[in-house]
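# Remarks on the overall topology
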Amino acid sequence: GSAAAIYGTRGSNGVILITTRDMEMTPTLRYEGSLSTQSFINPPDMLSPDQYRQRLAEGTSGFQDLGHNTDWMQEVSRRTPVSQVHNLSLSGGSSQTSYMASLGYRDFEGVFLETGRSVLNGRVNLRHRMFDNKVSFNLQFLSNQDQYNSLGPGTSFDDTIYKPAFPRNPTAPVMNADGTWHEQP
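Because the structure is a prediction, the values reported are computed rather than measured. (Residues numbered from 1 in each chain as written. Predicted model: local features only at pLDDT ≥ 70, side-chain atom pairs only at ≥ 80, totals over all residues. Heavy atoms only, no water.)

### Description of the sheet that holds strand β5 (residues 135-149)
- A sheet is described by the order of its strands in space; here five strands give the open sequence β1-β2-β3-β4-β5, paired in antiparallel fashion. Sheet topology places β1 (25-37) and β5 at the edges, where each strand pairs with a single neighbour. Pairs of neighbouring strands in the sheet enclose a mean axial angle of 5 degrees, with direction left out of account.
- Bridging between strand β4 (residues 116-130) and β5 involves 15 bridges; their strand directions are antiparallel. Residue pairing across strands places V124 opposite F141, the latter belonging to β5. (Pairing = 2+ DSSP bridges. Helix = DSSP H or I, 4+ residues; strand = E, 2+ residues; numbered from the N terminus. Axes fitted to C-alpha atoms, helices over the stretch in contact; angles between N-to-C directions.)

Listed below in structure tokens is the structure:
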């Protein structure tokens, strides 16, 4: 009941609230941050332009050399997507009043171009007791902004965006001479 009201779905399995003795708290400013990268463990095995031309020389039908050298996997993915997490908090108070404010930012670049997620959230808690602790005032403010780009509908990843890169001719250009996208017949 009340745990779900405070913690949302995270409180559905129950929450243990521990009340500690109040005392003077020195204002504390805290920062935590991290950076990370990701990469493909097993990238798809695709023909290079030279391998494609070799097959063409061997007489494989349906192959056409369009004169370019294109790595289609490189064209649709990032070499080293960087993800970052930053959290900043300030807390303090006295036996009568306590406060805590936090700001968090997460930015995750996806391995494929135009994919990723960015989250900004903030929280402020203020508690004040008065009249010999007979009256307590609690104020909580939460804000969350979530921006998600999955290349697909909703929040699920749509693999039909990058799969067309796999059968592409590695000798085909990405762009035509006039700046338009090259369409493979």
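### Description of the confidence of the model for the protein
- Of all residues in the protein, 81% have pLDDT values of 70 or greater, and the mean over the chain is 82.
- Ranking the elements of the protein by mean pLDDT puts helix α1 (residues 2-7) last with 55 and strand β2 (residues 82-93) first with 93. (pLDDT = per-residue confidence, 0-100.)

### Concerning unusual backbone geometry
- One non-glycine residue, D132, lies in positive phi territory at about 55 degrees.
- As for its placement among the helices and strands, D132 is situated in the loop between β4 and β5.
- Given the relative accessible area of 71%, D132 is considered exposed.
- The phi torsion at N133 lies on the positive side, around 65 degrees, for a residue other than glycine.
- As for its placement among the helices and strands, N133 is situated in the loop between β4 and β5.
- Judged by relative accessible area, which is 45%, N133 ranks as partly exposed. (Buried < 20%, exposed > 50% of the residue type's maximum accessible area, 1.4 Å probe, protein only.)

### Re a nonpolar patch on the surface
- Nonpolar side chains collect at one region of the surface, where L29, Y31, L88, L90, Y99, L103, Y105, L120, L126, F137 and L139 lie side by side and expose about 970 Å² of accessible area between them.
- Only β1, β2, β3 (97-109), β4 and β5 provide two or more residues apiece to the nonpolar patch.
- With three residues, β3 is the single largest residue contributor to the nonpolar patch.
- Along the chain, the position of L103 falls in strand β3.
- Taking relative accessible area as the criterion, L103 reaches 46% and is therefore assigned partly exposed. (Patch = residues over 30% accessible without salt bridge, like charges linked within 9 Å, V, L, I, M, F, W, Y side chains within 5 Å. Areas by Shrake-Rupley, 256 points an atom, 1.4 Å probe, with all protein chains shown as cover. Salt bridge = Lys/Arg side-chain N within 4 Å of Asp/Glu carboxyl O.)

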